[in-house]
Amino acid sequence: MHTPAVPSVLFVCVHNAGRSQMAAAFLARLGGGRVEVRSAGSAPAEAVNPAVVEALAEVGIDIAAETPKILTTEAVRTSDVVITMGCGDACPYFPGRTYLDWTLEDPAGQGVESVRPIRDEIERRIRGLLTDLGIEPAA
């Protein structure tokens with residue numbers, strides 16, 4: 001994977017209320033400012049899933065002020081890595097970008113007990129992504 005000085009990563013899911021929000025939060029924390037992080041949804045929800053907010057708060061990450069954002073062609077065009085999480089064909093394709101599809105359970109409608117394993121799997125994948133980008137995860 002070609003890595004620019006400061007790679008940009010875009011996480012995309014349908015509602016931008018769960019998986020993509022968790023992934024962006026972990027990458028922002030573990031990337032330590034060495035990665036530009038964005039997230040968006042093809043059909044954004046009104047608010048971030050409260051169980052997701054709670055699950056991240058348990059590991060010291062506060063996303064209570066985050067709001068779901070609409071996916072734009074510009075966001076994809078200006079990202080080096082686009083990671084989709086169940087958005088299907090809603091994500092535009094541009095040559096020269098790295099596209100990854102992470103199959104993860106959707107936390108929508110689930111309690112925090114069900115969100116914790118999804119959170120932990122996302123953190124594991126973010127650590128792997130940082131390794132692939134040649135960036136040591138922040139403590």
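Residues numbered from 1 in each chain as written. Predicted model: local features only at pLDDT ≥ 70, side-chain atom pairs only at ≥ 80, totals over all residues. Heavy atoms only, no water.

> Give a detailed account of the pairing of strand E2 (residues 36-41), specifying residues and quantitative values.
As paired strands, strand E1 (residues 8-13) and E2 are joined by six bridges and run parallel to one another. Paired with Phe11 across the two strands is Ser39, which belongs to E2. Once you follow E1 into helix H1 (residues 19-31) and on to E2, the crossover reads as right-handed. (Pairing = 2+ DSSP bridges. Helix = DSSP H or I, 4+ residues; strand = E, 2+ residues; numbered from the N terminus. Right-handed = clockwise from strand over helix to strand, strands pointing away.)

> Mind laying out H1, listing which residues take part and the relevant values?
For H1, spanning 13 residues, the distance from its first C-alpha to its last is 17 Å, which sits close to the expected 18 Å at 1.5 Å a residue. Burial runs high along H1: 11 of the 13 residues are buried. The complete set of buried residues in H1 reads Arg19, Ser20, Gln21, Met22, Ala23, Ala24, Ala25, Phe26, Leu27, Leu30 and Gly31. The secondary structure elements touched by the buried residues of H1 are E1, E2, helix H2 (50-57) and helix H4 (112-132). (Expected span 1.5 Å × (residues − 1). Buried < 20%, exposed > 50% of the residue type's maximum accessible area, 1.4 Å probe, protein only. Contact = heavy atoms within 4.5 Å.)

> Provide a residue-level description of the sheet that holds E2, including the pertinent values.
Strands sit in the order E2-E1-E3-E4 across an open sheet of four strands; the sheet is parallel. Bordering the open sheet on either side are E2 and strand E4 (98-101), each of which pairs with just one other strand. Averaged over all pairs of adjacent strands, the angle between strand axes in this sheet comes to 20 degrees, irrespective of strand direction. Sheet contacts for H1: E1 and E2; angle to E1, the most-contacted strand, approximately 160 degrees. (Axes fitted to C-alpha atoms, helices over the stretch in contact; angles between N-to-C directions.)

> So what's going on with the layout of surface pockets? Which residues, and what values?
Here the largest pocket is characterised by a volume of approximately 220 Å³. Lining the largest pocket we find 13 residues, and of these Ala24, Ala25, Ala28, Val37 and Glu66 sit closest to its centre. Looking at the lining of the largest pocket, the elements with two or more residues in it are H1 and E2. Looking at the lining of the largest pocket element by element, the count peaks at five residues for H1. Here the residues of the lining of the largest pocket are counted per class, giving six nonpolar, two polar and five charged. (1 Å grid on protein atoms, 1.4 Å probe; cavity = no way out; pocket = protein on both sides within 12 Å on 5 of 7 lines; lining within 4 Å. Points joined across faces, edges and corners; volume = space filled by probe spheres on them. Nonpolar A, V, L, I, M, F, W, Y, C, P; charged D, E, K, R; others polar.)

> Please set out the side chain of Ser8 residue by residue, giving values where relevant.
Relative to the helices and strands, Ser8 is located in strand E1. Here Ser8 falls in the buried class, since its relative accessible area comes to 3%. Engagement of the side chain of Ser8 in a polar contact is seen with the backbone oxygen of Thr78, the distance being 3.1 Å. Dropping the residues within four chain positions of it, Ser8 is found in contact with Glu36, Arg38, Thr78, Ser79, Asp80 and Val81. (Polar contact = N/O pair within 3.5 Å; in protein donor to acceptor, adjacent residues only side chain to side chain.)

From the geometry alone we can't say anything about function, so treat these as descriptive.
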